[in-house]
Amino acid sequence: MRECERVRERLDAYLDGELDSSRAAELEAHLATCRDCAAALDAHRKLQGAIRALAPYHVAPAALRQRASDLVKPRPAGRRRVTLAVWQLAMLLTGAAAVPVASLMLAPVLIGQGVDAAVPVALVDAHLRSLRPDRLVEVASTDRHTVKPWFAGKLDFSPPVQDLAEAGFKLTGGRVDYVENRAVAVLVYQRRQHIINVFIWPDAGSAARMKPVDVDVNGYHALGWRAGEMAFWAVSDLSMPELEELRVRLEGTQANRAMPR
Amino acid sequence: MTSNQEWPGQRGAITPEVRQRFELLVLPHLDAAYNFARWLTRDPHRAEDVVQEAVTRALRFFAGFRGDNARPWLLSIVRNTHVNALKAVQHEELRADFDDEAFAADPGLDRALEPSAMLERKWDAERLTRAIEALPEQFREILVLRELEDMSYKEIAAVAEIPIGTVMSRLNRARRLLAHALGAQEAR
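Since this is a predicted model, take the numbers as computed values, not measurements.

**Student:** A description of the packing of aromatic side chains should follow, citing residues and the corresponding values.
**Tutor:** With the rule as written, the count across this model stands at six aromatic pairs over all chains. With 5.8 Å between their ring centres and 55° between their planes, Phe62(B) and Trp73(B) make a pair best called tilted. Note that Phe62(B) is positioned in the loop between helix H3 (44-61) and helix H4 (71-89) and Trp73(B) in helix H4, a separation of eleven residues in sequence. We note that Phe62(B), like Trp73(B), is buried. Ring plane angle 40° and centroid distance 4.9 Å describe the contact between Phe65(B) and Trp73(B), whose orientation is recorded as tilted. Given the relative accessible area of 1%, Phe65(B) is considered buried. Since its relative accessible area comes to 5%, Trp73(B) is described here as buried. An aromatic cluster is present here, built from Phe22(B), Phe62(B), Phe65(B) and Trp73(B) joined pairwise through their rings. The aromatic ring of Phe169(A) is capped on one face by Arg191(A), whose charged end is 4.1 Å from the ring centroid.

In structure tokens:
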């Protein structure tokens, strides 16, 4: 029966209150006289009722709620947040050595901090390159006693390597990378699905410790700081508050203070 | 194809005012975001990751958000985050282009919703959950948005980025597939 067919097609919309009143009236009129269709509606209702009653509604776990709330909180005072616009990124990546650095918005901020403006951009570039297959680590190990000595003979400094697994940052390995024509140590950590590259190189710099700088390069986060005569940059798509957490933990336990050779 | 004209998605400065408005309009939908992510990923850890990333993205684009109902907007970001994550990991269950028509005329499906077949049904939460989780993603997501989030067809269309007509047909098939799956379990 054509009418039953049409009614069946509209049953869901009727059940969900999405049928306009004239069509709903038509349908109800049919249901009053057609036992099969009325039963079909009833069956639909039962299924819907079961789903709504039994299927679990999962609420956000407390830890997630906390992290989300932290994300929204305003930035801590005394920290400069620098965001590079795509055009600035493009200019810097295409070897814009010809572009006077002072013309970039972020330059005064970073240079005032003793940071070359091109560095975070180059590091995000290196980070992205490292995500290609087989490029991430040259020594793959979760054991810092394996990773740390691996750098000997490859670099003229020994980076501090820490095991932060308990804090939710798994050491995955290390490699040597080249940034701005300089060989740097890279420690690779992982949190959930996020890869974090921690670039380390010696930087005596000014006597005063550099305040941490965080830079957003087209959605990737780069957090830089100086400690123990080393410059550190953590680069990831992980959220900035979590990178900050990593920084605090790395700075906290200076068990293996790096020594220049 | 539903347009996203209501959601310009422009990045803007994240001022304290933007953060405040975000906290007021968007964060209350965190549970909805997690629930949706959980049913999509079927894994509590991946769901957390998806939600966290979605909230980060949402904050970035919030300056361009207009309106007072951020729930469909947030859930569409959750959905896109999930889809992108699947692509990145090259998950085996990558969303293929399911042919809606392939699920069209199946008398077995229709019979499953017949009243007599439903009479002796005893369902429990676990069986139902597994049956919903086993649904192909494009049907599962519509069902969750309708039955668990109580969204209108229009809202569902916006989140899933499909026309309202497709919402209706997918919902119909989702229900029939589910009834059929539950019936098949009963038969054992």
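**Student:** Outline the interface of chain B and chain A, supporting the account with residue identities and numerical values.
**Tutor:** Each partner contributes to the interface: chain B provides 46 residues, whereas chain A provides 42 residues. A buried area of about 4,100 Å², summed over both sides, lies between chain B and chain A, and 60% of it is on carbon and sulfur atoms. Of all residues in chain B, the largest losses of buried area upon contact with chain A belong to Arg19(B), Gln52(B) and Glu147(B), amounting jointly to 15% of the total for that side. Linking chain B with chain A are eight salt bridges.

**Student:** Quick one: what's the story with the side chain of Asp12(A), residue by residue and with numbers?
**Tutor:** By the element assignment, Asp12(A) lies in helix H1 (residues 2-15). Look at Asp12(A) and you get buried, because its relative accessible area is 2%. A distance of 2.7 Å separates a polar atom in the side chain of Asp12(A) from a polar atom in the side chain of Arg175(B). Excluding its chain neighbours within four sequence positions, the residues that come into contact with Asp12(A) are His44(A), Tyr153(B), Leu171(B), Asn172(B) and Arg175(B).

The rules behind the values
Residues numbered from 1 in each chain as written. Chains lettered and ligands numbered in written order. Predicted model: local features only at pLDDT ≥ 70, side-chain atom pairs only at ≥ 80, totals over all residues. Heavy atoms only, no water. Phe/Tyr/Trp six-rings, centres within 6.5 Å; stacked < 30°, edge-to-face > 60°. Helix = DSSP H or I, 4+ residues; strand = E, 2+ residues; numbered from the N terminus. Buried < 20%, exposed > 50% of the residue type's maximum accessible area, 1.4 Å probe, protein only. Lys NZ or Arg CZ within 6 Å of the ring centre and 35° of its normal. Contact = heavy atoms within 4.5 Å. Buried area = accessible area lost by both parts, 1.4 Å probe. Salt bridge = Lys/Arg side-chain N within 4 Å of Asp/Glu carboxyl O. Polar contact = N/O pair within 3.5 Å; in protein donor to acceptor, adjacent residues only side chain to side chain.

Remember that the coordinates give geometry; whether it matters functionally is a separate question.
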